[in-house]
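# Coordinate inspection notes
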Amino acid sequence: MRRSILIDCDPGLDDAAAILTALGAADRLSLGAVTTVAGNVDLDAVTRNAAGLLALAGRTDVPLHAGCPRALFGAGERAGHVHGADGIGGVALSPGPAPSPEHAVQAIRRLARGGGVTIVAIGPLTNLALALVEEPAIATEIERLVIMGGVADGPGNVTDWAEFNFACDPEAARIVLESGLPTALFGLDVTRQAHVTPQRIAAFDALGTPAGKALARMLRAYQGERPRPVLHDPCTIAWLLQPDLFAGRRVRASVETANPAQRGRLMTTDDPQGPIELMTALDADGFFALLTQCVGGLRG
Ligand code: BDR
Ligand code: CA
């Protein structure tokens, strides 16, 4: 049976890999919508990139909804130094579909209301938090959240404590993690194991398809001068497709919002009955083989 998903994102080079992987697994994942949120770069740019990725995959039929242009509080974070000023590493994409007039928060509420949808959130959690605040009843309708964000054991990638998506909008992350919804959480603990290597990039290039070649160009831009870049966001989609690539433990979790030095810090308590599965281990070879196979299945 195909699983119904919605991807809430801020593409973003690793978001791009996640979106292409999901679209390449259309036999197992039914993508009901892509919603965007300001994060890696501003809202117009991430929405333009999401549209271009849908066009690249030959899936302009997937509805696209632009969401929140800023965090609930504060200025948020931006990561143009990682993803390029345009958020997509300077890789030219065809213009994709225009976003729907419906706001992302409304689209999330509408799709959640139907029941049975899995929400994959790979950017700041502003849209999702607002959807849960505006319409709390959707919490009983959403099947599962699959989130990239936070770090439980180890330093953050924005501050010593905080990972980018949670640092960008700590209040939103706290609302979502305290919702009690069943959640698979992919923090830096696990995503730091998904190393992008020249060989793994070459495997995408060798697909010889427009999507494979474009993703290889994006990953070369992502690699830049950095010694060991890692691919965070596609862990979420890979887990939906092949959960045995991952291992984790059950926790309850919240996010620091008060202490200025630690805003966005993920705080967990081990609890076998906890609603959140915190992922800790990854079979990286299996992960990249899965991504390559999915992207290879795209028509684009
Ligand atoms: C997260 O931050 C963003 O830069 C990436 O797209 C990913 O979602 C990793 O910390
Ligand atoms: Ca992202």
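This text follows the structure it describes.
The structure reproduced in this document is the subject of the present report.

Reading the values: rules and limits
- Numbers given for residues are sequential positions, taken from 1 along each chain in its written order.
- Just so you know, chain letters begin at A and ligand numbers begin at 1, following the order they were written in.
- The predicted nature of this model means local features are confined to residues of pLDDT at least 70 and side-chain atom pairs, given and counted, to a pLDDT of 80 or more, with totals for whole chains, interfaces and linings taken over all residues.
- Excluded from the side-chain calculations are hydrogens and water; all other atoms, namely the structure's heavy atoms, are used.
- Donor atoms are limited to N, O and S found within 2.8 Å of the metal ion, a distance that becomes 3.2 Å for Na, K and Ca. With water left out, some sites might look partial.
- Residue burial is assigned from relative accessible area. The probe radius is 1.4 Å, only protein chains are included, and a residue is buried under 20% of its type maximum, exposed over 50%, and partly exposed in between.
- Note on terminology: near, applied to a residue and a molecule or strand, indicates that one of the residue's heavy atoms is within 4 Å of it.
- In the analysis that follows, any N or O atom pair within 3.5 Å is treated as a polar contact, provided that within protein one partner can donate a hydrogen and the other can accept it, and provided that, for residues neighboring in sequence, both atoms belong to side chains.
- A run of H or I in DSSP becomes a helix once it reaches four residues, and a run of E becomes a strand once it reaches two; helices and strands are each numbered from the N terminus.
- Polar here means any residue other than Ala, Val, Leu, Ile, Met, Phe, Trp, Tyr, Cys and Pro, which are nonpolar, and Asp, Glu, Lys and Arg, which are charged; Gly is therefore polar.
- We count a salt bridge whenever a side-chain nitrogen from Lys or Arg sits within 4 Å of a carboxyl oxygen from Asp or Glu.
- What a helix should span is 1.5 Å times the count of its residues minus one.
- Contacts were defined at the residue level, with two residues in contact if any of their heavy atoms lie within 4.5 Å.
- By the convention used here, strands pair only if DSSP detects at least 2 bridges between them.
- As a rule, the C-alpha atoms of each element are fitted with a line to give its axis, helices using only the stretch in contact, and angles between N-to-C directions run from 0 to 180 degrees.

Time to look at the coordination of the calcium ion (ligand 2). Protein coordination at the calcium ion (ligand 2): the donors are Asp10 (OD), Asp15 (OD), Asp15 (OD), Ile122 (O) and Asp233 (OD), at 2.3 to 2.6 Å from the metal. Mapping the donors of the calcium ion (ligand 2) onto the primary sequence yields the spacing D-x4-D-x106-I-x110-D. Aspartate 10 sits in the buried class, given a relative accessible area of 0%.

We now examine the site of ligand 1. Every residue near ligand 1 is listed here: Asp14, Asp15, Asn40, His83, Ile122, Met148, Asn157, Glu163, Phe164, Asn165, His232 and Asp233. Isoleucine 122 places a main-chain nitrogen or oxygen 3.1 Å from an oxygen atom of ligand 1. Measuring from an oxygen atom of ligand 1, one finds a side-chain N or O atom of glutamate 163 at 2.5 Å. Those elements giving two or more residues to the shell around ligand 1 turn out to be α1 (13-23) and α6 (164-168). Its residues assigned to classes, the shell around ligand 1 comprises three nonpolar, five polar and four charged.

Counted under the stated rule, the structure contains 15 salt bridges. A salt bridge links lysine 213 to aspartate 205; the shortest N-O distance between them is 3.8 Å. The partly exposed category is assigned to lysine 213, whose relative accessible area is 37%. Aspartate 205 gets classed as partly exposed once you look at its relative accessible area, which sits at 24%.

Quick look at helix α12 (residues 284-296) now. Spanning 13 residues, α12 covers 18 Å between terminal C-alpha atoms, matching the ideal 18 Å at 1.5 Å per step. Within the sequence span of α12, burial applies to Ala284, Gly286, Phe287, Phe288, Leu290, Leu291, Thr292, Cys294 and Val295. Residues of α12 that are buried make contact with α1, α9 (198-205), α10 (210-223), α11 (234-241), β7 (246-255) and β9 (276-282). Between the side-chain oxygen at the start of α12 and the backbone nitrogen of aspartate 285 there is a gap of 3.3 Å, and the oxygen is on aspartate 283.

Position of isoleucine 122 relative to the elements: it lies in the loop between β4 (118-121) and α5 (126-134). You can call isoleucine 122 buried: its relative accessible area is 1%. Ignoring sequence-local partners within four residues, the contact set of isoleucine 122 consists of Ile7, Asp8, Cys9, Asp10, Asp15, Ala18, Met148, Asn165, Asp233 and Thr236.

Cis geometry is adopted by the peptide bond preceding glycine 12, which originates at proline 11 and carries an omega value of -10°. Mapped onto the elements, glycine 12 comes out in the loop between β1 (3-9) and α1.

Looking now at the environment of isoleucine 5. Position of isoleucine 5 among the secondary structure elements: in strand β1. Residue class for isoleucine 5 comes out buried when judged on its relative accessible area of 2%. For isoleucine 5, the contacting residues outside a window of four places in its chain are Ala22, Leu29, Ser30, Leu31, Gly32, Ala33, Val117, Thr118, Val120, Ile237 and Leu240.

We now examine the sheet that holds β7. The strands making up a sheet associate through backbone hydrogen bonding, with each pair oriented either parallel or antiparallel. Taken in spatial order, the nine strands line up as β3-β2-β1-β4-β5-β6-β9-β7-β8 in an open sheet, and their pairing is mixed. Each of the sheet's edge strands pairs with one partner strand only, and the pair in question is β3 (64-66) and β8 (266-270). Going from strand to strand, the sheet's axes swing by 30° on average, the running direction of each strand aside. Pairing of strand β5 (residues 144-148) with strand β6 (residues 183-186), which is carried by four bridges, proceeds in the parallel orientation. Bridged to valine 146 within β6 is alanine 184. Sitting on the sheet, α11 touches β1, β2 (29-36), β4, β5, β6, β7 and β9, and the angle it makes with β5 is about 140°.

This part covers the pairing of β6. Neither face of β6 is left uncovered, since the one carrying Thr183 and Leu185 and the one carrying Ala184 and Phe186 both have all their residues buried. Relative to β9, β6 runs parallel, the two sharing three bridges. Within the sheet, the bridge partner assigned to alanine 184 lies in β9 and is glutamate 277.

Remember that the coordinates give geometry; whether it matters functionally is a separate question.
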